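Architecture at a glance
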Amino acid sequence: MAEYDYDLFVIGAGSGGVRAARTAAATGARVAIAEDRYLGGTCVNVGCVPKKLYSYAAHFHEAFDDSAGFGWQLPEAPRFDWATLRDNKIAEIKRLNGIYNRLLDNAGVTLINARAKVVDDHRVEVNGEMLSAEKILVAVGGWPWIPDFPGNEHVIDSNRVFDLAEFPRRFLVLGGGYIAVEFASIFNGLGSESHLVYRGALFLRGFDHEVREFTRDEMCKKGVNLHFETTIEAIEKQGDVLQVTLTNGETLEVDAVLAATGRRPQLAGLGLDQLDVALNSDGTLKVNERYETSIPSILALGDVTGGPELTPVALAEAMHMVQHHFTSNPPGPLDYQNIATAVFCHPNIGTVGLSEEEARADFGEVRIYTADFRPMKHTLSGSDERCLMKLVVDDTSDRVVGAHMVGEEAGEVIQAIAIAVRAGLRKTDFDATIGIHPTGAEEFVTMRTPSRR
Ligand code: NDP
């Protein structure tokens, strides 16, 4: 008889947890997964997926405007109906939840719809029952965090922003990270008066400086109201209206305030505090390259471990973890360098590798190639949107160590460029690549003269 009820007990059915459960089960392991909320986690339910759907919706606004120069005449001014978007989104997410359910079922994973608590190295309590497992995987993700200020009870977080009962005619987002710039763009595109309030001088800290400035200018041109070097002092609710006082003395009246001020690991009630599991300084779980916590039978991956909070990272970690613990073929450590990422503000940002500032610090001598141009589409559309493409090259080795884009479908373009950057290709390889004409992306293989060194 087996010593434990399961070989692997997964807590949290988000991107990382589901991938770990399915992949482990495919090796023949007996796997259970506990989830007390929705299947698919943040990404599917209140993150990447609905956000991208809303971003598509917001882009139509410009597409309608752009079409006139190409000869399209709309019978009347298009109107946006929030309830249609919201409810179609709800139906689609429900469909995806069903797919996740079937994926787990087909993989032979036991799904338990309840919150599990870790009791000791090999036991969890779930629905009042004690279950044992050789390995326990904590993949509970993170939860939005809202700063403390008078009236912060009137603020919504990114879990609630998708399902607002009423469309906010005036929308304000606090923060200067991914979620803030994405939602400021989305509501602006959907027709709200949109405000972004950020405490620093320029949002998107950590991204390439030129990319940040270019994005600021493009978002301003599209009508997003950017309030930098200030933050929310207090919010007062007057009827349905929120009166927001900023620390710079400005007052804004809006219908909804979103706090996009980062996320924290969701460890409350999980029992790990009683087991003295080691934490990182930001409160996330500390793991080694085998995704073991300080208690080796308790594993963790994804957002709860404090790496890049990105779905593809959690998926890669899950597959690595399974190879380590459920196969006889352990892999080398996961490579966290050159992880490409996109920010779905309007226009989109795509980026891989080092910013110009990081490359200058790492290599000293660099060559910077930039193209800042009006995309061909906008010669007829009349739109003043511009596109930025940028390559950062280590002068000594000629390797392209960073590639950045702000413009339409930047994520799609940078995904392909990321293969070249990860492979360590040189600028001469980019130059030897013949472009696809007419595309915007061909700029990445036709930039010949450095903009600066
Ligand atoms: P981020 O960490 O990206 O940004 C948080 C922002 O909030 C920063 O601008 C930060 O400012 C600001 N902030 C923090 N504390 C305070 C405070 N007390 N008062 C005012 N401002 C504050 O978090 P998000 O919430 O935007 O997103 C969470 C994570 O989810 C992201 O980091 C990303 O990994 C992931 N994500 C990825 C997406 C994608 O791949 N497209 C989309 C959405 C989310 P400062 O910079 O000054 O510290």
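Look above for the structure.
Anyway, here's the lowdown on the structure attached to this text. Since this is a predicted model, take the numbers as computed values, not measurements. (Residues numbered from 1 in each chain as written. Predicted model: local features only at pLDDT ≥ 70, side-chain atom pairs only at ≥ 80, totals over all residues. Heavy atoms only, no water.)

Every other side chain in a regular strand lies on the same face of the sheet, so the side chains alternate between the two faces. Along strand β2 (residues 31-34), one buried face is formed by V31 and I33 and the opposite face, lined by A32 and A34, is buried too. Across 4 bridges, the pairing between strand β1 (residues 6-11) and β2 is parallel. From the neighbouring strand, F9 faces β2, where its bridge partner is A32. As for the winding sense of the linkage, the β-α-β connection from β1 through helix α1 (residues 15-26) to β2 is right-handed. (Buried < 20%, exposed > 50% of the residue type's maximum accessible area, 1.4 Å probe, protein only. Helix = DSSP H or I, 4+ residues; strand = E, 2+ residues; numbered from the N terminus. Pairing = 2+ DSSP bridges. Right-handed = clockwise from strand over helix to strand, strands pointing away.)

Here we take up the sheet that holds strand β9 (residues 193-198). Hydrogen bonds between backbone atoms are what pair the strands of a sheet, whose relative direction is either parallel or antiparallel. Spatial ordering of the open sheet is given by β10-β9-β8-β14, a layout of 4 strands whose pairing is parallel. Sheet topology places β10 (225-228) and β14 (256-259) at the edges, where each strand pairs with a single neighbour. Strand-to-strand twist of the sheet, defined as the mean angle between neighbouring strand axes without regard to direction, takes the value 20°. As defined by bridge partners, strand β8 (residues 170-174) adjoins β9 across 5 bridges and the pair is classed as parallel. Bridging from a neighbouring strand, L174 pairs with V197 of β9. (Axes fitted to C-alpha atoms, helices over the stretch in contact; angles between N-to-C directions.)

Another point: the site of the ligand. Around the ligand sit 21 residues in total, of which G176, Y198, R199, R205 and A342 are the nearest. In this structure, an oxygen atom belonging to the ligand sits 2.8 Å away from a main-chain N or O atom of G176. The contact in question runs from an oxygen atom of the ligand to an N or O atom on the backbone of G262, over 2.9 Å. Compared with its free state, where it exposes 910 Å², the ligand has 78% of that area covered by protein. (Near = heavy atom within 4 Å. Polar contact = N/O pair within 3.5 Å; in protein donor to acceptor, adjacent residues only side chain to side chain. Areas by Shrake-Rupley, 256 points an atom, 1.4 Å probe, with all protein chains shown as cover.)

Another point: the packing of aromatic side chains. One pass over the structure, following the stated rule, counts 14 aromatic pairs. Relative to W82, the ring of Y54 lies with its centre 5.6 Å away and its plane at 70°, an arrangement referred to as edge-to-face. Here Y54, found in helix α3 (residues 48-67), pairs with W82, found in helix α4 (residues 82-106); they are 28 residues apart in sequence, far enough to count as distant. Residue W82 is classed as buried on the basis of its relative accessible area of 4%. Through pairs of rings, three or more aromatic residues link up here, namely Y54, F80, W82, F162, F167, F171, F183 and F187. Sitting above the plane of the Y38 ring, R37 keeps its charged end 5.9 Å from the centroid. Sitting above the plane of the W145 ring, R264 keeps its charged end 4.1 Å from the centroid. (Phe/Tyr/Trp six-rings, centres within 6.5 Å; stacked < 30°, edge-to-face > 60°. Lys NZ or Arg CZ within 6 Å of the ring centre and 35° of its normal.)

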